[in-house]
Amino acid sequence: MSGWEPGSSSLKTPSRTVTLGRVQPQTPALRTIFCNDRDSNFAHRYKGNSISTTKYNIFTFLPKGLYEQFRRVANLYFLMVSILSATPYSPVNPVTNMVPFSLVLLFSLIKEAFEDWQRFQNDNSINNTPVDVLQAQGWETLQWKKLQVGDIIRVKQDGFFPADILLLASTNADGVCYIETANLDGETNLKIRKALEKTWDYLTPEKACEFKGEVQCEQPNNSLYTFTGNLVIDNQTLPLSPNQILLRGCSLKNTDFIVGAVIFTGHETKVMMNSMNVPSKRSTLERKLDKLILALFSTLFSMCLIGAMSSGIFIDRKYFYLGLGETVEDQFNPSRRFMVIILTMLTLLTLYSTLIPISLYVSIETIKFVQSSQFINKDLNMYHAETNTPASARTSNLNEELGQVEYIFSDKTGTLTRNLMEFFKCSIGGEIYGTGMTEIERGIAERKGIKVQEVQTSTGSVREKGFNFDDVRLMRGAWRNEPNHDACKEFFRCLAICHTVLPEGDMSPEKIKYQAASPDEAALVLAAKNFGFFFYRRTPTTIYVRESHVERMGKIQDVSYEILNVLEFNSTRKRQSVVCRHPDGRLVLYCKGADTVIYERLGSGNDDLNKVTRDHLEQFGSAGLRTLCLAYRDLASDLYESWNEKFIKAKSSLRDREKRLDEVAELIEKELILIGATAIEDKLQDGVPSCIQTLSRAGIKIWVLTGDKMETAINIAYACNLLNNEMKQFIISSETDAIREVEERGDQAEIALFIKEEVKNQLKQCLDEAPQYFCSPSGPKLGLVIDGKCLMYALDPSLRVMLLTLSLNCASVVCCRVSPLQKAQVTSLVKKGARKITLSIGDGANDVSMIQAAHIGIGISGLEGMQAVMASDFAIAQFRFLEDLLLVHGRWAYIRLCKVVMYFFYKNLAFTLTQFWFTFNTGFSGQRFYDDWFQSLYNVIFTALPVVFVGLFDKDISPSLSKKYPELYKEGVRNMFFKWSVVVVWAFFAVYHSLVFFYFISASSSTCRDRSGKMFGLWDVSTMAFTCVVVTINLRLLMMCNSITKWHCISVGGSILVWFVFIFLYSAIMTPLDRNDNMYWVIYILMGTSYFYVTLLLVPVAALLVDFLYLSVQRWFFPYDYQIVQEIHKDDIHSTGTSDLLELKQQLTPDEARSYEISKLPKEVSKHTGFAFDSPGYESFFASQFSKYVPPKAWDVARRASMRSKATPK
């Protein structure tokens, strides 16, 4: 148990994005590590490699666990009541309060302990994983937890790295190894790492023992993709970069083994420092529940105050028979009325404690857990067979929040689209190539009324995943005949060289596979291959390309390009460059990136080409294609050498290395010559337009936040049904002539002021124009399109309100060219400014901040890693599954939990008020009406289970009808089932029922006698009343159900039965430990009279008759929307049964399909008797008689053959 130390999450949980982790203090600035020298490192007291992700250890479990429980106000209240019940002023036995409260706490603590024990076992298995460590000139197998900083270790193929390691040597050539980072960021594509040339030889244990280097590096931090350090060896200082670092949690692939030095261990490794918790989110219903609990506290205080004040007034010595002499205790001393009020207040507080439901939180947590783990996670409608991905509820706290969403913020790429990139078109030297037509182009043509003809595919066109290009002018070497063939050659070389793709498998064009950091990059390399520039091998310093048709038609040659420098892509640079040396010695810089950054770095001249290509880019964007610009620059040898010195110096810097590298890159990425542009198609996911249309009908407003160009974003919005020609569209863009004119002057302060003023004017103009549209019910809907530059100024505090006002009145909003931070800011603006329930959905690391900013975060299990999923509350495989998640599961969860909370409120108020009415008959003395155990077990046993089944199984309409009538979802958005008006109605019935329970029974029992002729006493009356309470409260639950299943009947009947079993045993047993014999034989005396049975029949009828009348009037004259739908479909035979299978028909197994078809047969056909007709296989024969197809079974064929043979005349 010593491994139990506070932590965050298991190693197997992929880390979050680096920008959102907690930044650790980094003083002193540098860490010095002595490799292969444990004694020298001992003085620094570096942390060990043992990790712990548990919340508790054996010493902190009880205090910390109890602290977690008592953070809930309700638990603090029950603790106070339990303490008060142990005082002399309590009318109830302290055991009866403490036992149920202890059981609830015990249940919660056991749950916490079980979850933490699982974490502890997981930690143990990880900490005890074996690894080879260099000990005394040989490899010795040790456990991970015994590793220390500076140790030299060996990791074999497919093994995981036990710590953050400096790569020294690899069995592959040139010190190269391949790693998979799936545990880190979810990406399964392989990444390359390369050791410094100085350390390549330290591969054997004999050689590794000689290694005595010193690593000077940054302090442990959570930045996954950066590392700054130097290796000092043989009086030589060598710069270290992330390319030499192997992070804990990654695995070794395609390499026999590597040797490395441990630099960060345990909780100081980058993956562990990124193991942060997703921000704690509480549902809106849960926050409103707190207000309801406070209302109950107020009611409780009022009841206690009324009783206490009345007691202070009532106590008087004129009631001589009460014996209120001078020596009476303080609670009943007329001479000390203030003390009487205070002490009676405490007495009544324990007496009325049942008003706050002790089992409410446990019941709600149980319901939510089952809803998420059994219903959401196992819904076939949200299972994606292609990727074998089910839906996943990563938290159960927000189930009901899914039923109240009003705004959805969605990423585009990989969320609305498939993120399966296909090279579709290109522009080279001012000429467009590619004859295909995208879905969006077809949509644009249809909107304009243009008839679209199918494009004929050329004979012999090449099609493979990632390449959907067709143009005979470029294929099979035909590009040599183009007037711009030199530009074509540079274009193809740039595609084949400027990337970080890794080839895998057989080095033949048909069998090779590419491991790429993104689908875009893989598509570009595939395009180069199909154009005749086949990239087939790479080393850290060389790229090998098999070029066809370069020198002459049909000639194929293998060319090696020496890679001198790689200027990597990041979100700030938005470009990637490679400096390479051709075989003839020519030095070339190839660059690809976003059009905005490439055009800023183009040299003078070629203005016509640049202008034409820009027009082509806009044309590609209008077609919904993703674009990149390609450029190159020839470098003089002396210029390159001078620049390379600066590059090496920046790379060796220990401070601000990334910033300095970016500055050095700017020195050479200029005076570029534009080659052309690529256009990649990312098709819409299946079902996205219909899903968006359905969600819009449900009253949900959808915003698209994307980094794409405005034209692309608008056309995707049209394709998705977010925008249409009937809408009035407001477009706020920075691409205006006035803004361009100011930008050309280059004064940043002037640009900022001018754009802000322009945005202000545009927002004001839109706001002035908007009212004439949304004031008219028949007027067109509004749509807003805004780009990132304008959005930056619109989010300024002075303009934020204007933006929010305009946005909230728009049916759809499209924000393009936005950064991850802006996505989160827009989400927070609506969440906090409009106080609406928001949902964010995305699939990439750039969506994490948006996902965490919203009330609900949805991660798409896509092709951009698992960062979004790991930061989300729910994970689905396709955008279209939102329809089921929100309209079915979300709506059901909201309605069910509202019913559960309202029912808890009702049953506790009704029960406690009977005690309150009794107080008026006891001189406000605090005399209890019910036996202590009745009061304690009422919530825990006698009424606990039925309400849980309502929360799990109550279903107003079927899933198919929920999606057929999405307008029903608006009831949740308007919070129709958890309003104060609903609370008042339930409170009225609670008061009415309590009056019936108390006064009907107390009045009727006053004239009744038992078999011996004695009047009924207090405990006879209270037992009768409690029996009626249990029966009525449980039956009232059935009246609130929309569908009654066998579980409802079993739980309600079982609860009533448990009460009778309990009272039979409790009344029959008396022990010396009993405080009194009040309850002895009470139920048997009661059941021996006809009064018991008449009362048990009349009281529930009298109580529930008013409820029945109210529900009838409400349903007929003031129905909810779902009740109208129920009436419309009340005659549907299978409205909630097999009709739901119709939606799954394409996914059904043969047996399921067969059962479905059989279920549709006329009833009389499938009711044959006799053995021959009992076999289910024979049903296929009868099905065929009614034109129903059911897959036949083998014995059907035999039977039909036997029937034919019998029918043949002899």
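Source: prediction; values computed, not measured. (Residues numbered from 1 in each chain as written. Predicted model: local features only at pLDDT ≥ 70, side-chain atom pairs only at ≥ 80, totals over all residues. Heavy atoms only, no water.)

Focus on empty space enclosed by the protein
Working step 1: Within the structure shown, the criterion is met by six cavities of 30 Å³ or more.
Working step 2: By volume, the largest cavity is sized at about 180 Å³.
Working step 3: Lining the largest cavity we find 15 residues, and of these Asn-97, Ser-353, Thr-354, Ile-358 and Gln-935 sit closest to its centre.
Working step 4: Where the lining of the largest cavity is concerned, the elements lending two or more residues are α3 (73-85), α4 (94-127) and α29 (932-942).
Working step 5: Take the lining of the largest cavity: its biggest share by element is four residues, from α4.
Working step 6: Considering only residue class, the lining of the largest cavity consists of seven nonpolar, eight polar and no charged.
Working step 7: Volume-wise, the second largest cavity comes out at about 70 Å³.
Working step 8: Looking at the lining of the second largest cavity, the elements with two or more residues in it are α10 (360-376) and α28 (882-919).
Working step 9: Here the lining of the second largest cavity takes five residues from α28, the largest share from any one element.
Working step 10: Of the residues contributing to the lining of the second largest cavity, the split by class is five nonpolar, four polar and one charged. (1 Å grid on protein atoms, 1.4 Å probe; cavity = no way out; pocket = protein on both sides within 12 Å on 5 of 7 lines; lining within 4 Å. Points joined across faces, edges and corners; volume = space filled by probe spheres on them. Helix = DSSP H or I, 4+ residues; strand = E, 2+ residues; numbered from the N terminus. Nonpolar A, V, L, I, M, F, W, Y, C, P; charged D, E, K, R; others polar.)

Remarks on helix α21 (residues 748-769)
Working step 1: The first and last C-alpha atoms of α21 sit 31 Å apart over 22 residues, in line with the 32 Å expected at 1.5 Å per residue.
Working step 2: Regarding α21, the residues found buried are Ile-751, Ile-755, Val-759, Gln-762, Leu-763 and Cys-766. Around the axis of α21, the buried residues are gathered within 100° of arc, so they sit on the same side. Facing away from the buried side of α21 by over 90 degrees, the exposed positions are Leu-753, Gln-765 and Asp-768.
Working step 3: Its buried side turned inward, α21 meets β28 (728-732), α20 (737-745), α23 (788-794) and α24 (800-808). (Expected span 1.5 Å × (residues − 1). Buried < 20%, exposed > 50% of the residue type's maximum accessible area, 1.4 Å probe, protein only. Arc of directions from axis to C-beta. Contact = heavy atoms within 4.5 Å.)

Notes on the sheet that holds β28
Working step 1: Taken in spatial order, the nine strands of this open sheet run β14-β33-β32-β31-β15-β27-β30-β29-β28, and their pairing is mixed. Single-partner strands in this sheet number two, and they are β14 (392-393) and β28.
Working step 2: Bridge analysis of strand β31 (residues 838-842) against strand β32 (residues 856-860) gives four bridges, and the strand direction is parallel. By the bridge assignment, Leu-839 is partnered in β32 with Ile-856.
Working step 3: Sheet strands touched by α24: β15 (407-410), β27 (701-705), β28, β29 (782-787) and β30 (812-816). Its angle to β29, the strand with the most contacts, is close to 140°.
Working step 4: Set on the sheet, helix α25 (residues 820-834) makes contact with β15, β27 and β31; between it and β27 the angle comes to about 160°. (Pairing = 2+ DSSP bridges. Axes fitted to C-alpha atoms, helices over the stretch in contact; angles between N-to-C directions.)

Side note on the pairing of strand β1 (residues 30-34)
Working step 1: By the alternation rule, side chains of β1 split into Arg-31 and Ile-33, which are all buried, and Leu-30, Thr-32 and Phe-34, of which none is buried.
Working step 2: Note that β1 and strand β8 (residues 214-218) share five bridges and pair antiparallel. Opposite Ile-33, over in β8, you have Val-215 as the bridge partner.

Re the pattern of salt bridges
Working step 1: Evaluated as defined, the whole model comprises 40 salt bridges.
Working step 2: Here Asp-132 makes a salt bridge to Arg-154, at a shortest N to O gap of 2.8 Å. Here Asp-132 is found in strand β2 (residues 130-134), whereas its partner Arg-154 is found in strand β4 (residues 152-156), with 22 residues between them in sequence. Across the pair, exposure class does not vary: Asp-132 and Arg-154 are buried alike.
Working step 3: Among the charged side chains, a network of salt bridges with common partners joins Arg-575, Glu-600, Arg-601, Glu-666 and Glu-669. (Salt bridge = Lys/Arg side-chain N within 4 Å of Asp/Glu carboxyl O.)

What about unusual backbone geometry?
Working step 1: With a phi angle near 60°, Asn-235 is a residue other than glycine that sits in the positive phi range.
Working step 2: Relative to the helices and strands, Asn-235 resides in the loop between β9 (229-233) and β10 (236-240).
Working step 3: The exposure class of Asn-235 is exposed, given its relative accessible area of 84%.
Working step 4: Phi at Arg-835 takes a positive value of approximately 55°, unusual for a residue other than glycine.

Section: a nonpolar patch on the surface
Working step 1: Nonpolar side chains collect at one region of the surface, where Val-95, Val-99, Leu-103, Leu-106 and Ile-110 lie side by side and expose about 410 Å² of accessible area between them.
Working step 2: Exposure remark for Leu-106: the relative accessible area of 45% places this residue in the partly exposed category. (Patch = residues over 30% accessible without salt bridge, like charges linked within 9 Å, V, L, I, M, F, W, Y side chains within 5 Å. Areas by Shrake-Rupley, 256 points an atom, 1.4 Å probe, with all protein chains shown as cover.)

Some words on the UniProt feature "transmembrane region" (unreviewed entry) in the protein
Working step 1: When the UniProt feature table is mapped onto this chain numbering, "transmembrane region" (unreviewed entry) sits at residues 292-315, 338-362, 900-918, 938-957, 977-1001, 1016-1035, 1047-1069 and 1081-1106.
Working step 2: Helix and strand shares over residues 900-918 are 100% and 0% respectively, and the end C-alpha atoms of the span are 28 Å apart.
Working step 3: A distance of 33 Å separates the end C-alpha atoms of residues 977-1001, which is 88% helix and 0% strand. (UniProt positions renumbered as here; feature names shortened; annotations may be inferred.)

Concerning the packing of α29 against helix α35 (residues 1046-1068)
Working step 1: At a minimum axis separation of 11 Å, α29 and α35 run at an interaxial angle of 150°. With respect to α35, the axis of α29 lies roughly antiparallel. Crossing geometry of α29 relative to α35 is assigned as right-handed. Residues Trp-933, Phe-934, Leu-937, Ile-941 and Phe-942 of α29 pack against Ser-1055, Val-1058, Trp-1059, Phe-1062, Ile-1063 and Tyr-1066 of α35.
Working step 2: Within the contact of α29 with α35, the residues separate by chemical class into ten nonpolar, one polar and no charged. (Parallel < 35°, antiparallel > 145°, perpendicular 65-115°, else oblique. Left-handed = near helix turned anticlockwise from the far one by under 90°.)

Details of the side chain of Asn-565
Working step 1: Within the secondary structure, Asn-565 is located in strand β22 (residues 556-567).
Working step 2: Overall, Asn-565 belongs to the buried group, its relative accessible area being 5%.
Working step 3: Within the local environment of Asn-565, its side chain forms a polar contact with the side chain of Tyr-640, the two groups lying 2.5 Å apart.
Working step 4: A distance of 3.1 Å separates polar atoms of two side chains, one belonging to Asn-565 and the other to Asn-644.
Working step 5: Discounting chain neighbours no more than four positions away, the residues touching Asn-565 are Ser-577, Val-578, Val-579, Tyr-640, Trp-643, Asn-644 and Phe-647. (Polar contact = N/O pair within 3.5 Å; in protein donor to acceptor, adjacent residues only side chain to side chain.)

Some remarks on the packing of aromatic side chains
Working step 1: Under the counting rule described, the total for this entry stands at 62 aromatic pairs.
Working step 2: Summarising the aromatic geometry, the rings of Phe-916 and Phe-920 are spaced 5.2 Å apart at their centres and angled 90° between planes, so their arrangement reads as edge-to-face.
Working step 3: By relative accessible area, which is 40% here, Phe-920 ends up partly exposed.
Working step 4: A ring pair is formed by Phe-934 and Phe-1062, whose centres lie 6.4 Å apart and whose planes are at 70°; its orientation type is edge-to-face. Of the two residues, Phe-934 sits in helix α29 while Phe-1062 sits in helix α35, which places them 128 residues apart along the sequence. Comparing Phe-934 with Phe-1062 shows no difference in burial state: the two are buried.
Working step 5: Taking the ring centre of Tyr-536 as reference, the NZ or CZ of Arg-546 above it sits at 4.5 Å.
Working step 6: Note that Arg-614 overlies the ring of Tyr-599, its terminal NZ or CZ placed 4.4 Å from the centroid. (Phe/Tyr/Trp six-rings, centres within 6.5 Å; stacked < 30°, edge-to-face > 60°. Lys NZ or Arg CZ within 6 Å of the ring centre and 35° of its normal.)

With respect to the sheet that holds strand β7 (residues 190-194)
Working step 1: The strand order across the open sheet built from three strands is β7-β6-β12, with neighbouring strands paired in antiparallel fashion. At either margin of the open sheet sits one strand with a lone partner, and together these are β7 and β12 (251-253). Averaged over all pairs of adjacent strands, the angle between their axes in this sheet comes to 45°, without regard to strand direction.
Working step 2: Bridge count for strand β6 (residues 176-180) against β7 is five bridges, and the pairing is antiparallel. The residue bridging Cys-177 from the neighbouring strand is Arg-193, located in β7.

What about the environment of Val-664?
Working step 1: Inspection of the secondary structure assignment puts Val-664 in helix α17 (residues 657-668).
Working step 2: Judged by its relative accessible area of 8%, Val-664 falls in the buried class.
Working step 3: For the pair Val-664 and Lys-646, spaced 18 residues apart in the sequence, the C-alpha separation amounts to 6.8 Å.

With respect to helix α37 (residues 1090-1117)
Working step 1: In a regular helix each residue adds 1.5 Å, so 28 residues correspond to 40 Å; α37 covers 40 Å between its end C-alpha atoms and thus fits that length.
Working step 2: What α37 keeps buried is the set Tyr-1091, Phe-1092, Thr-1095, Val-1099, Pro-1100, Ala-1103, Leu-1104, Asp-1107 and Gln-1114.
Working step 3: If you follow the buried residues of α37, they end up packed against α33 (980-1005), α34 (1018-1039), α35, α36 (1082-1087) and α38 (1121-1128).

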